[in-house]
Amino acid sequence: MRAVQPGTAVQPITHQQITLSHITKTFPGVIANDDVTLTLRVGEVHAILGENGAGKTSLMNVLYGIYQPDRGEILLDGQAVKIDTPRAAIRLGVGLVPQHPMLVRAHTVEENIALSQIHHKGASFWNPVGNIRKRILELSERYGLKVDPRAPVWQLSAGEQQRVEILKVLLQGARFLILDEPTSVLTPQEVQELFAVLRRMRQDHGMVIITHKLDEVLDISDQITVLRKGKVTGSTPNQNLKKTDLARMMIGEELQETRLTGQPHLKGEMVHLSDAWAMGDRGAPALKGVTLTVQGGEILGVAGVAGNGQLELIEVLTGLRTLTKGQIVVKGKAMKGQGAEAFFQAGIAHVPEDRNHYGIVPNLSVEENLILRSMNQPPYSKSGLMDFARIREYARQNIQKYDIRTPSADTRARLLSGGNVQKLILARELESNPDVLVAAHPTYGLDIGATTQVHQLLLEKRAQGMGIVLVSEDLDELMNLSDRIVVIFAGTFTGTLTRAEFQREKLGLMMAGEA
Ligand SMILES: Nc1ncnc2c1ncn2[C@@H]1O[C@H](COP(=O)(O)OP(=O)(O)OP(=O)(O)O)[C@@H](O)[C@H]1O
């Protein structure tokens, strides 16, 4: 076998296009992809748009060798190829940039990249890190992928970690890159940096990007393909298109924006947090003396660039993190030192940021996940006996009400598409009728139709007297829905704005700690 230095492709891959041809993929009760044909070309960013559950991720899993199609084939420059494992995909020049970086936090950038090269066909194990550093620097320079090879991963921002993931696949010799919702973990500035990198990479690569954000699709893509219920409903070059055109292609209707109107009907103080201090996971204070009040009947927006303390704030408000100093009072009761269950019993529900780890029990069914909060209580359980007929009816109603697309109530929650998992969590938390909902990025991963539906639900709940803490990085969402917006920066609040004061530039400066 020819000894090849790690990071060097066995042979340079010069293919110009890869085609998914007439792909059909079914799962029990679902046709995820129905006779789909799509071509990725070097020199193009190809966006795939579609509602939650439309089949975008399944199609990419076929391209990356995770799923085997029932019918159809993959053609590389017109020649049929077999991609039956991710390793086969990598060998043929297909790389996947995961949505959430999967790096070893204690290792450096170059160690992580070296690890990813170990399975590279013919790679040499001799001094892998030394060789890789040079290649990283070359690629960083070529595509503007700024990252320090010697930095430990735990010190990197989400955007930097994503760059490491991109470098990983480039060093594996990828010619075609799959980016599944790459902007979901990024700040607006980081999105622009990523797009600048993609524009430079386009000269040598073909890329497919999945995103629900229509502005981003218009900004970055050359070609747009829309999937609906597993089928391609249209494919068009990105020329003279507007957001409304994309919405119509996706859902067959005009885009509607939901906006809060009228004064809030305040129902009194539900939560009072005063001079709250909490430690972050890295052992430094993440919240430094913040004070806030949430009233019933209002939506309090929390704006900030990720990593400025919002995660810790959410955890403090839901009993997942203990205050090191200060007080938290829920409906007049001091709650400091109590756990998440006590907070839930006190009336606080939570839509977590990391839905797969904290939001669902993946191996339980949709029905079991829906009833998780209340299965031991009447009317679903009496004298220790569960009323399965009632539980089934409850699940049926909520699957319908929240439009959770699932083959059945018995389907394991982990088999739902990302957006439908999010709808399931929202259904469970909102139906527990809390006094306060702490919602972290509640529309993250949702298609535009579902986003509108969630916005309407939040406004309805506000009108019914629920207090809502809405943490989001989407300024439009915050400005459309909030009664007040508090801005968090470096663990402190840089100010609170009321609706009349909402202004994008002002919020941006406050988020950067400059106002
Ligand atoms: N391993 C699996 N087993 C059973 N069903 C699956 C599996 N993977 C996907 N599905 C189903 O296939 C359909 C398409 O899902 P997919 O994840 O491809 O949608 P998506 O367009 O990526 O959605 P989202 O925007 O919500 O991420 C869904 O109904 C989903 O439940």
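What counts and what doesn't
- Residues numbered from 1 in each chain as written.
- Predicted model: local features only at pLDDT ≥ 70, side-chain atom pairs only at ≥ 80, totals over all residues.
- Helix = DSSP H or I, 4+ residues; strand = E, 2+ residues; numbered from the N terminus.
- Rg over C-alpha atoms; globule rule 2.2 N^0.38 Å.
- Buried ≥ 20, exposed ≤ 12 C-beta atoms within 10 Å, placed from the backbone.
- Contact = placed C-beta atoms within 7 Å.
- Domains from an automatic or database assignment.
- Nonpolar A, V, L, I, M, F, W, Y, C, P; charged D, E, K, R; others polar.
- Near = placed C-beta within 6 Å.
- Pairing = 2+ DSSP bridges.
- Axes fitted to C-alpha atoms, helices over the stretch in contact; angles between N-to-C directions.
- pLDDT = per-residue confidence, 0-100.
- Core = buried A, V, L, I, M, F, W, Y, C linked by C-beta atoms within 7 Å.

A. Up close: the overall build of the protein chain. Counting its secondary structure elements, the protein chain contains 17 helices and 22 strands. Relative to the compact-globule value of 24 Å for 515 residues, the protein chain shows a C-alpha radius of gyration of 24 Å, a close match. With the principal axes as the frame, the protein chain shows a C-alpha extent of 70 × 50 × 50 Å. The proportion of buried residues among the 515 residues of the protein chain is 45%. Sequence-distant contacts, at least 24 apart, represent 69% of the contacts inside the protein chain between residues at least 6 apart.

B. Focus on the domain arrangement of the protein chain. Segmentation of the protein chain into domains returns domain 1 (17-251) and domain 2 (269-347 + 434-511). A C-alpha centroid distance of 33 Å is found between domain 1 and domain 2. Residue-level contacts link twelve residues of domain 1 with eleven residues of domain 2. The dominant element in the side of domain 1 that touches domain 2, judged by the number of residues it contributes, is helix H8 (residues 243-251), at three residues. For the side of domain 1 that touches domain 2, the class distribution of residues is five nonpolar, five polar and two charged.

C. Representation of the site of the ligand in the model. For the ligand, the set of nearby residues contains 18 residues, the closest of which are Asn52, Thr57, Ser58, Ser417 and Gly419. Listed by contribution, the elements that provide at least two residues to the shell around the ligand are strand S2 (30-41), helix H1 (56-63) and helix H14 (418-431).

D. Main features of the sheet that holds strand S21 (residues 484-489). The strand order S16-S19-S20-S13-S21-S22 describes an open sheet built from six strands, whose pairing is mixed. Taken across any chain shown, the strands that pair with only one partner, and hence form the sheet edges, are strand S16 (348-351) and strand S22 (492-498). For this sheet, the mean angle separating the axes of adjacent strands, direction not counted, is 20°. When S16 meets strand S19 (residues 436-440), the two strands line up parallel, connected through four bridges. Bridging from a neighbouring strand, isoleucine 348 pairs with valine 436 of S19. Contacts from helix H17 (residues 504-511) reach strand S13 (299-303), S21 and S22, with the element oriented near 30° to S21.

E. Spatial organisation of the confidence of the model for the protein chain. Per-chain confidence: the protein chain averages 89 in pLDDT, with 94% of residues scoring 70 or above. Ignoring residues within four places in sequence, the model shows residues 1-10, a span with pLDDT below 50, making 26 contacts including any to other chains. This complex was scored by the predictor with a pTM of 0.77 and an ipTM of 0.98.

F. Main features of the environment of glutamate 514. Structurally, glutamate 514 is set in the segment after H17. In the structure, glutamate 514 is positioned 25 residues away from phenylalanine 489 in sequence and 9.6 Å away in space, judged by C-alpha atoms.

G. Examining the nonpolar core more closely. Counting 70 residues, the largest nonpolar core has Leu424, Val469 and Leu470 as its most contacted members. Of the residues forming this core, the biggest block, six residues, is contributed by H14. If you look at the next biggest cluster of nonpolar residues, it comprises 62 residues, including Val45, Ile132, Val164 and Leu194.

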